[in-house]
Amino acid sequence: MTEEKLAVGVIHRNADGSFDSRLSRYYEGHDHDRVWAMLTEPAGIAQWIAPGTIEQHPGGRVKIDFADSGILIDSTVLEIDPGRVLAYSWSSGDEPARPLRWELEDRAGGCTLHLQVHTPAGEDPAKACAGFEGHLLMLAGALEGVPIKFPFAAYVAARAQYNQQLEESSS
């Protein structure tokens, strides 16, 4: 069995020990309005991440409930430019801030989604990014009308690639 090779994002180690990562995906045949709806509308969010709601205004409530794992994201919208930019923290309550920034860019024949992931010092950026890689694959399936379950094999492969990236950047 060979290890799957994915096109993963890039992790940057910050001076304070935290990490900023950037993942990008091109969704052919889907304009930014369609992708935006999947990122922000309850029916769309539930197809690729988990049941949730996002109030689309600065300070609006973000609630995404991973009931099976007991994880609840309960934060607020940090930045919004409807149809283009959405930012919120991937955390709840007193947890450290883990800002996410979703940005859509129109391209001929489709839309590119750029995702910036901030991982606090002491947390595993490879795990965080690999999880989002899995969810971006789920988003691709949902956009095509073929929702998929979380792709664990892709998560494992992406996590290995991110760990290798981290090892190479620290040597």
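Residues numbered from 1 in each chain as written. Predicted model: local features only at pLDDT ≥ 70, side-chain atom pairs only at ≥ 80, totals over all residues. Heavy atoms only, no water.

Scanning the protein chain for helices and strands turns up 4 helices and 8 strands. Sequence-ordered secondary structure for the protein chain, helices as α and strands as β, is β-β-α-α-β-β-β-β-β-β-α-α. A compact globule built from 171 residues should have a C-alpha radius of gyration of about 16 Å, and the protein chain, at 16 Å, falls within 12% of that. The dimensions of the protein chain, computed from C-alpha atoms along their principal axes, are 40 × 40 × 35 Å. Here the protein chain holds 171 residues, and the buried ones make up 46% of them. A separation of at least 24 residues holds for 50% of the contacts in the protein chain among residues at least 6 apart in sequence. Accessible area of the protein chain: about 8800 Å², with a carbon and sulfur share of 54%. With 14 positive and 25 negative side-chain charges, the protein chain shows a separation of 2 Å between the mean positions of the two kinds. (Helix = DSSP H or I, 4+ residues; strand = E, 2+ residues; numbered from the N terminus. Rg over C-alpha atoms; globule rule 2.2 N^0.38 Å. Buried < 20%, exposed > 50% of the residue type's maximum accessible area, 1.4 Å probe, protein only. Contact = heavy atoms within 4.5 Å. Areas by Shrake-Rupley, 256 points an atom, 1.4 Å probe, with all protein chains shown as cover. Lys, Arg positive; Asp, Glu negative; His and termini not counted. Charge placed at Lys NZ, Arg CZ, Asp CG, Glu CD.)

Here we take up the pattern of salt bridges. Under the defined criterion, the tally for this structure stands at 9 salt bridges. Among the salt bridges present, the one from R61 reaches D74, with a minimum N-O distance of 3.0 Å. You can see R61 sitting in strand β4 (residues 61-66) and its partner D74 sitting in strand β5 (residues 71-81), a full 13 residues away along the chain. Accessibility expressed as a relative area gives 37% for R61, which makes it partly exposed. According to the relative accessible area criterion, D74 is partly exposed, its value standing at 29%. Its salt-bridge partner being R84, residue E103 comes within 3.1 Å of it at the nearest N-O pair. You can see E103 sitting in strand β7 (residues 99-107) and its partner R84 sitting in the loop between β5 and β6 (85-89), a full 19 residues away along the chain. (Salt bridge = Lys/Arg side-chain N within 4 Å of Asp/Glu carboxyl O.)

This next bit is on empty space enclosed by the protein. Take a probe with the size of a water molecule and roll it over the atoms, and the empty space left behind shows itself. Counted according to the given criterion, the structure contains 1 cavity of 30 Å³ or more. If you add up the space inside the largest cavity, you get close to 50 Å³. L39, I45, W48, I49, I54, I64, L86, Y88 and W102 together form the lining of the largest cavity. At the level of secondary structure, the elements contributing two or more residues to the lining of the largest cavity comprise α2 (42-48) and β6. Per-class residue counts for the lining of the largest cavity are 9 nonpolar, no polar and no charged. (1 Å grid on protein atoms, 1.4 Å probe; cavity = no way out; pocket = protein on both sides within 12 Å on 5 of 7 lines; lining within 4 Å. Points joined across faces, edges and corners; volume = space filled by probe spheres on them. Nonpolar A, V, L, I, M, F, W, Y, C, P; charged D, E, K, R; others polar.)

Right, let's talk about the pairing of β7 for a bit. Across 5 bridges, β6 lies against β7 in antiparallel orientation. Residue V85 lies in a different strand from β7, and its bridge partner there is E103. In the sheet, β7 pairs with strand β8 (residues 110-119) via 8 bridges, with the strands oriented antiparallel. By the bridge assignment for β8, L100 is matched with V117. Two successive antiparallel strands, β7 and β8, enclose a turn made up of 2 residues, where G109 displays a positive phi of approximately 80°. (Pairing = 2+ DSSP bridges.)

As a further point, take the pairing of β8. Counting buried residues in β8 gives 8 out of 10 residues, a clear majority hidden from the surface. Across 10 bridges, the pairing between strand β2 (residues 19-28) and β8 is antiparallel. Paired with Y26 across the two strands is T112, which belongs to β8.

It is worth spelling out the side chain of R25 at this point. Looking at the secondary structure, you find R25 in strand β2. Sequence-distant contacts of R25, defined by excluding residues within four places in its chain, comprise A7, C111, T112, L113, E133 and L136.

Let us now look at the nonpolar core. Core analysis: the biggest nonpolar cluster contains 45 residues, and W48, I64, Y88, W90, W102 and L139 have the highest contact counts within it. Ranked by residues supplied to this core, first place goes to helix α3 (residues 125-143) with 9 residues. When sequence neighbours within four positions are dropped, the list of residues in contact with I64 reads I49, A50, P51, G52, I71, L72, I73, Y88 and W90. (Core = buried A, V, L, I, M, F, W, Y, C linked by side-chain atoms within 4.5 Å.)

Moving on, we come to a nonpolar patch on the surface. Where nonpolar side chains cluster on the molecular surface, the patch consists of L137, V146 and I148 and spans about 220 Å² of accessible area. Residue position: V146 is located in the loop between α3 and α4 (152-170). (Patch = residues over 30% accessible without salt bridge, like charges linked within 9 Å, V, L, I, M, F, W, Y side chains within 5 Å.)

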